[in-house]
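The chain contents come next:
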Amino acid sequence: MYSVAIMDDNRATADMLATAIAWDKLQCAVVGVAYDGVSGRALIIQKKPDIVIADIRMPGMDGLQMVELTRRISPKSKVIYISAYDDFHYAKKALDLRAYHYMLKPFDNEKLIRVVQRIIEETEAPGGSAPEKIEGGSLITSRILDYIRDNPGEQLSLQALAQH
């Protein structure tokens, strides 16, 4: 059974994520819900969840800071960021923190379920470290293509793309 921690300052969103998804059918259990970054940090430290679903902007401590401060304590947690903000700065910082996925609100639960299923499939692959895949290719390729599309005026080089 995989453990899932949910953090969102919008209580309705956090509670919906905790209850509206049939987590048991995904081989998952919600081990806690937090409504701010400080409580989310404490939840990660205490439970060391396999999967963290975190809002980016929360009071007290944002989701990016929260994960950055807990990454050493729970290094194997797969983080799915959810945000109403499509700010490139947030997405870049999430990538720097090795986010597994970045979803913009509103999103449908089926998309989140597919992301969680992909995490489980990769974890259960022989060796437990299968390369991340998305429809049509690798997650790394997808991130590079997104970066190119989001920065059309930037001088691109293989070295710069490899850094991102």
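To keep things clear, this report deals only with the structure shown in the data block. Every chain begins its residue count from 1, and numbering advances along the sequence as written. Per-residue local features of the predicted model are confined to residues with pLDDT of at least 70, and side-chain atom pairs are confined, for both listing and counting, to 80 or more; whole-chain, interface and lining totals are unaffected and use all residues. Hydrogens are left out, water is left out, and the side-chain values use all remaining heavy atoms of the structure.

Okay, the sheet that holds strand 2 (residues 28-34) next. Being paired, for any two strands, means DSSP has found at least two bridges between them. Under the scheme used here, helices are H or I runs from DSSP no shorter than 4 residues and strands are E runs no shorter than 2 residues, and both carry numbers assigned from the N terminus. Spatial ordering of the open sheet is given by 2-1-3-4-5, a layout of five strands whose pairing is parallel. Only two strands of the sheet have a single partner each, and these edge strands are strand 2 and strand 5 (101-104). Here the strands of the sheet are splayed against their neighbours by 20° on average, with no regard to which way each runs. Relative to strand 2, strand 1 (residues 2-7) runs parallel, the two sharing six bridges. What sits directly across from V4, in strand 2, is V30. For this analysis, residues touch if any pair of their heavy atoms sits within 4.5 Å. Only the stretch in contact is used when a helix axis is fitted, and all axes are lines through C-alpha atoms; the angle between N-to-C directions ranges over 0 to 180 degrees. Helix 3 (residues 63-70) contacts strand 1, strand 3 (51-55) and strand 4 (78-83) of the sheet and is inclined by roughly 170° relative to strand 4.

Turning our eyes to something else, we now look at the environment of T70. Topologically, T70 is positioned in helix 3. Whether a residue is buried, partly exposed or exposed follows from its accessible area with a 1.4 Å probe, protein chains only, as a fraction of its type maximum: under 20%, in between, or over 50%, in that order. Residue T70 is classed as buried on the basis of its relative accessible area, which comes to 3%. Note: C-alpha distance between T70 and G40 (30 residues apart in sequence) is 9.8 Å. If we skip the residues at most four places from it in the chain, T70 touches R41, I44 and I45.

Side-chain atoms within 4.5 Å link the members of a nonpolar core, which is a set of buried Ala, Val, Leu, Ile, Met, Phe, Trp, Tyr and Cys residues. W23, C28, I53, I80, L112 and V116 are the most contacted members of the largest nonpolar core, which totals 22 residues. Residue assignment for this core shows that the elements contributing at least two residues are strand 1, helix 1 (11-19), strand 3, strand 4 and helix 5 (109-124). Of the residues forming this core, the biggest block, six residues, is contributed by helix 5. The residues contacting I53, other than those within four sequence positions of it, are V4, A5, I6, M7, L17, W23, I80, I82 and L112. Ranked by size, the runner-up nonpolar core spans 19 residues in total, among them A34, I44, M58 and M66.

Residue placement: I21 occurs in the loop between helix 1 and strand 2. Through-space distance from the C-alpha of I21 to that of L112 is 9.3 Å; in sequence the pair is 91 residues apart. Residue contacts for I21: discarding those within four places in its chain leaves M16, L26, N109, L112 and I113.

In this section: the packing of aromatic side chains. For this analysis, a ring pair means two rings from Phe, Tyr or Trp (six-membered ring only for Trp) whose centres lie within 6.5 Å, classed as stacked if their planes differ by under 30 degrees, edge-to-face if by over 60, and tilted for the remaining angles. In total, this model carries one aromatic pair according to the counting rule given. Relative to Y90, the ring of Y85 lies with its centre 6.2 Å away and its plane at 65°, an arrangement referred to as edge-to-face. A residue is classified by how much of its surface remains accessible, and Y85, at 38% relative accessible area, is partly exposed. Just above the ring of Y35 sits the side chain of R11; from NZ or CZ to the centre is 3.9 Å. Across the ring face of Y85, the terminal group of R57 is positioned such that the distance to the ring centre comes to 4.5 Å. By the criterion adopted, a ring carries a charge over it if an Arg CZ or a Lys NZ lies within 6 Å of its centre and within 35 degrees of its normal.

Worth remembering: the numbers are spatial, not functional.
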